[in-house]
Amino acid sequence: MIRPGQIADLPAIMRIRTSVAENHLSVEQMVEIGITNDSIAAEMTDGDLGCWVAMDGGEITGFSMADRRDGSIFALFMDANHEGKGHGSALLAACEAWLKQRGHAEAHLTTGRDTKAFAFYRRRGWQETSKTAEHFAEDAVMVKSI
């Protein structure tokens, strides 16, 4: 099941975000680039950041976030024990639909090139561009018409 994320979900979201093996960031690394529970909560409250969580038996097993200001998929991460169940696809679709409803004709995201995530996005119609990622220049910038 997918539902809109809430500020109360941030501890579970951060647990999942810091537990992944690919595209891993520690809490300290996130703070360095301005990502904190407080900044995420403020952006959600202001309506700039949309958030969705995947649920399995009452447990948050994944999440996604999209930024209405620039049309980006800000995050999409699954607990490793819950991959392959279709939740990631549903989370991505929620982001794409939300951005489209806010007037974006194209969405973009960044991810590591040699990751399962890169292949996941490619299978769903995302294309790599020649652009450079802002914080992590080695990452691929991908786009999709929505």
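Above this text sits the structure in question.
Residues numbered from 1 in each chain as written. Predicted model: local features only at pLDDT ≥ 70, side-chain atom pairs only at ≥ 80, totals over all residues. Heavy atoms only, no water.

Participant: Would you mind going over the overall build of the chain in detail, with residue names and values included?
Facilitator: Across its full length, the chain holds 5 helices and 7 strands. What you see in the chain, going N to C, is helices and strands ordered as β-α-α-α-β-β-β-α-β-α-β-β. By its C-alpha atoms, the chain is 40 × 30 × 30 Å across when sized along the principal axes. Residues classed as buried in the chain amount to 47% of the 146 residues present. In the chain, once contacts between residues fewer than 6 apart in sequence are set aside, the share between residues at least 24 apart is 61%. As displayed, the chain has an accessible area near 7,600 Å², and 50% of this comes from carbon and sulfur atoms. (Helix = DSSP H or I, 4+ residues; strand = E, 2+ residues; numbered from the N terminus. Buried < 20%, exposed > 50% of the residue type's maximum accessible area, 1.4 Å probe, protein only. Contact = heavy atoms within 4.5 Å. Areas by Shrake-Rupley, 256 points an atom, 1.4 Å probe, with all protein chains shown as cover.)

Participant: Requested: an account of the pairing of strand β5 (residues 106-111), with residues and values cited.
Facilitator: Side chains Ala107, Leu109 and Thr111 project from β5 onto a buried face, and the interleaved Glu106, His108 and Thr110 project onto a face without burial. The pairing of β5 with strand β7 (residues 140-145) spans 6 bridges and is classified as antiparallel. Bridged to Thr110 within β7 is Val141. (Pairing = 2+ DSSP bridges.)

Participant: Describe the pairing of strand β3 (residues 59-67), listing the residues and the values that go with them.
Facilitator: Of all 9 residues in β3, 8 are buried, a share of seventy percent or more. For strand β2 (residues 49-56) and β3, the ladder comprises 8 bridges, and the chain directions are antiparallel. Note that in β3 the partner of Trp52 across the bridge is Ser64. Between β2 and the antiparallel strand that follows it, β3, lie 2 residues; Gly57 among them carries a positive phi value of about 60 degrees.

Participant: Can you explain the nonpolar core? Please cite residues and give values.
Facilitator: Core analysis: the biggest nonpolar cluster contains 20 residues, and Trp52, Ile73, Leu92, Tyr121, Trp126 and Met142 have the highest contact counts within it. With 6 residues, the single largest contributor to this core is helix α4 (residues 87-101). In this structure, Ile13, Phe63, Met65 and Phe77 belong to the second largest nonpolar core, which totals 18 residues. (Core = buried A, V, L, I, M, F, W, Y, C linked by side-chain atoms within 4.5 Å.)

Spatial relationships are all this shows, so hold off on functional conclusions.
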